[in-house]
Amino acid sequence: DAGITQSPRHKVTETGTPVTLRCHQTENHRYMYWYRQDPGHGLRLIHYSYGVKDTDKGEVSDGYSVSRSKTEDFLLTLESATSSQTSVYFCAIRPEHYGYTFGSGTRLTVV
Amino acid sequence: AQSVTQPDIHITVSEGASLELRCNYSYGATPYLFWYVQSPGQGLQLLLKYFSGDTLVQGIKGFEAEFKRSQSSFNLRKPSVHWSDAAEYFCAVGGPSGTYKYIFGTGTRLKVLA
């Protein structure tokens, strides 16, 4: 496959707890992205990275933070999970053909 | 503002029939355009892309799309639908900027009748 993996695949967490989702790539791509997918909203960009320690906000970044200390790993953290953050989270990389390659997603449920 | 509109939330077609999924975009410059497909419980797979040149682009699985600048559209077509095409389809737009952030439509769910 394209060399992008997300972990965990599923997670249930309680309101108010911190949660970290991991995206790992094996292809040394510079650009990485975190999207959330919700019914009726399609995919919305949370944060993205254009290099190690270089990150920026997307359209729905409130309540989320990211870190990229190595090229291969892009972490998404929910500092204090809320029910509105129940969603499916996708990580993407941008290979040179300019289309994204997506991971398999993480289904997060906040109870 | 940049945006993507997929006017049809659901579409149902019979197997063997032709298919057209609509996508309209708003973008200030020459866009990059994409169609992705998502099967239930799966990630998104790139079907085809348009960057420049020939406005009719061919993709995988027998799909094609036509870029019409005058109509700000990038509709996806397939001449004969197979039952395995049942999935959700997303149109996306972006540009040749340094960050390559892409905006996605809300998706069209395709149902195929046997």
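That block above? That's the structure.
Within each chain, residues carry numbers counting from 1 in the order of the written sequence. Think of it this way: whatever chain is written first is A, whatever ligand is written first is 1, and the rest follow in order. Only residues with pLDDT of at least 70 are given local features in this predicted model, and only at 80 or more are side-chain atom pairs given and counted; all residues enter the totals for whole chains, interfaces and linings. No hydrogens and no water enter the side-chain calculation; it runs on all heavy atoms of the structure.

Engineer: Is there a simple way to think about the environment of B:I60 in this case?
Structural biologist: Residues and elements named next belong to chain B. In this fold, I60 is placed in the loop between β7 (56–58) and β8 (64–68). Separated by 35 residues in the primary sequence, I60 and G95 have C-alpha atoms spaced 22 Å apart. Once residues lying within four places of it in the same chain are set aside, the contact partners of I60 are Q45, L46 and L47. In this text, helices come from DSSP runs of H or I with a minimum length of four residues, and strands from runs of E with a minimum of two, each type numbered from the N-terminal end. By the convention used here, residues are in contact when the closest approach between their heavy atoms is within 4.5 Å.

Engineer: Quick question: what am I supposed to make of the nonpolar core here?
Structural biologist: Within soluble globular proteins, side chains that are nonpolar tend to cluster in buried spots. One finds B:L19, B:W35, B:L47, B:L48, B:F74, B:L76 and B:Y89 to be the most contacted residues of the largest nonpolar core, which totals 26 residues. The dominant element in this core, judged by the number of residues it contributes, is strand β10 (residues 87–94) of chain B, at 4 residues. Beyond its immediate chain neighbours, meaning those up to four positions away, B:L47 contacts B:W35, B:Y36, B:V37, B:G59, B:I60, B:K61, B:F63, B:L76 and B:Y89. Listed in part, the 22 residues of the second largest apolar core include A:Y31, A:Y33, B:Y102 and B:F104. Side-chain atoms within 4.5 Å are what join buried Ala, Val, Leu, Ile, Met, Phe, Trp, Tyr and Cys residues into a set we call a nonpolar core. Here's how the labels work: a residue is buried when its accessible area is under 20% of the maximum for its type, exposed when over 50%, partly exposed in between, all with a 1.4 Å probe on protein chains only.

Engineer: What am I meant to see in the sheet that holds strand β3 (residues 19–25) of chain A here?
Structural biologist: Whether parallel or antiparallel, the strands of a sheet pair through hydrogen bonds between backbone atoms. Residues and elements named next belong to chain A. Note: two strands are recorded as paired if DSSP finds a minimum of 2 bridges between them. Strand order across the open sheet formed by 4 strands is β1-β3-β8-β7, with antiparallel pairing between neighbours. At either end of the open sheet lies a strand with only one pairing partner, and these are β1 (4–7) and β7 (64–70). Between one strand and the next, the sheet's axes are offset by a mean angle of 20°, whatever the strand orientation. Note: β1 against β3, 4 bridges, orientation antiparallel. Looking at β3, one finds that Q6 is bridged to C23. Axes, fitted as lines to C-alpha atoms, cover a helix only where it is in contact. Angles between the N-to-C directions of the axes lie from 0 to 180 degrees.

Engineer: Looking at this structure, how should I read empty space enclosed by the protein?
Structural biologist: A water-sized probe rolled over the atoms picks out the places where empty space is left. Residues and elements named next belong to chain B. Residues are called lining when one of their atoms sits within 4 Å of a cavity or pocket point, these points coming from a 1 Å grid over the protein atoms alone, where a cavity is a set in which a 1.4 Å probe fits but cannot get out and a pocket is an open set with protein on both sides within 12 Å along at least five of seven lines. Grid points are joined across faces, edges and corners, and a volume is the space filled by probe spheres set on the points. Scanning all chains against the criterion turns up 1 cavity of 30 Å³ or more. Put simply, the largest cavity is a space of about 40 Å³. Forming the boundary of the largest cavity are V37, S39, K61, S84, D85, A87 and Y89. Classification convention: Asp, Glu, Lys, Arg as charged; Ala, Val, Leu, Ile, Met, Phe, Trp, Tyr, Cys, Pro as nonpolar; all other residues, Gly among them, as polar. Residue classes in the lining of the largest cavity are distributed as 3 nonpolar, 2 polar and 2 charged.

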